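Next come the chains, spelled out residue by residue.
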Amino acid sequence: MRTREQKYATPLLRGLLFIIFHLSFSLAIGQTQRGIASYYSKRATGRLTSSGERLHHDSMTCAHRTHPFGTLLKVFNPHNKRSVVVKVNDRGPFGRGRIIDLSWGAAQQLGILRRGIAKVEVTVYDPQRDGPLPPVDSIAPPQY
């Protein structure tokens, strides 16, 4: 027979963890993350991501540890003042100090291909604050 404390401890703990998780997640949504970005090699094209999509090097996608799949993130490179909007479709990066892995195309638009990594600022994309996404036709094709 379970004691009264044992009977109520598990649901209480579960509820407390639920509240802590949701508070921390909701606080993280409005904040800017600063850290190191890296990118997928072109050789990763065709590999399955954690969301089940296939990776393509020209896509504007990324890997992030915590944001849900499909979340649009604005990645800003303060070194050259370029930014890009990417969609989360994979988990990672798991390297120390890295906060985001970009597709090759997104890394090219941010200007980080030569160095391989860059310090970036990542925020959740908000159309009301950041303006509408540019139409796909107006995005310049990558130069090879």
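Refer to the preceding data block for the structure.
Worth saying up front: this structure is predicted, and the values here are computed from it rather than measured.

What counts, and at which threshold
Residues numbered from 1 in each chain as written. Predicted model: local features only at pLDDT ≥ 70, side-chain atom pairs only at ≥ 80, totals over all residues. Heavy atoms only, no water. Helix = DSSP H or I, 4+ residues; strand = E, 2+ residues; numbered from the N terminus. Buried < 20%, exposed > 50% of the residue type's maximum accessible area, 1.4 Å probe, protein only. Polar contact = N/O pair within 3.5 Å; in protein donor to acceptor, adjacent residues only side chain to side chain. Contact = heavy atoms within 4.5 Å. Pairing = 2+ DSSP bridges. Axes fitted to C-alpha atoms, helices over the stretch in contact; angles between N-to-C directions.

K.L.:
I'm lost on unusual backbone geometry in this one. Help?
P.N.:
In most cases, non-glycine residues show a negative phi, while peptide bonds are predominantly trans. In this chain, Gly92 is followed by Pro93 through a cis amide linkage whose omega measures -5°. Along the polypeptide, Pro93 turns up in the loop between strand 4 (82-90) and strand 5 (98-102). The residue Lys81 is not glycine, and still its phi comes out positive at about 65°. Tracing the backbone through its elements, the reader meets Lys81 in the loop between strand 3 (72-77) and strand 4. A relative accessible area of 62% means that Lys81 is categorised as exposed.

K.L.:
How should the side chain of Thr49 be read in this particular structure?
P.N.:
Secondary-structure assignment places Thr49 in the loop between strand 1 (33-39) and strand 2 (61-63). Of note is the side chain of Thr49, whose polar atom sits 3.1 Å from the side chain of Ser51. Apart from residues no more than four positions distant in its own chain, Thr49 is found in contact with Leu55, Asn89 and Asp90.

K.L.:
What am I meant to see in the sheet that holds strand 2 here?
P.N.:
Strands belonging to one sheet form pairs held by backbone hydrogen bonds; the direction of such a pair is parallel or antiparallel. Spatially, the six strands close up into a barrel ordered 1-5-2-4-3-6, and their pairing is mixed. Across the sheet, the mean angle separating the axes of adjacent strands is 45° when strand polarity is ignored. The pairing of strand 1 with strand 6 (residues 118-124) spans five bridges and is antiparallel. What sits directly across from Arg34, in strand 6, is Glu121.

Function-wise, these values are silent; they only describe arrangement.
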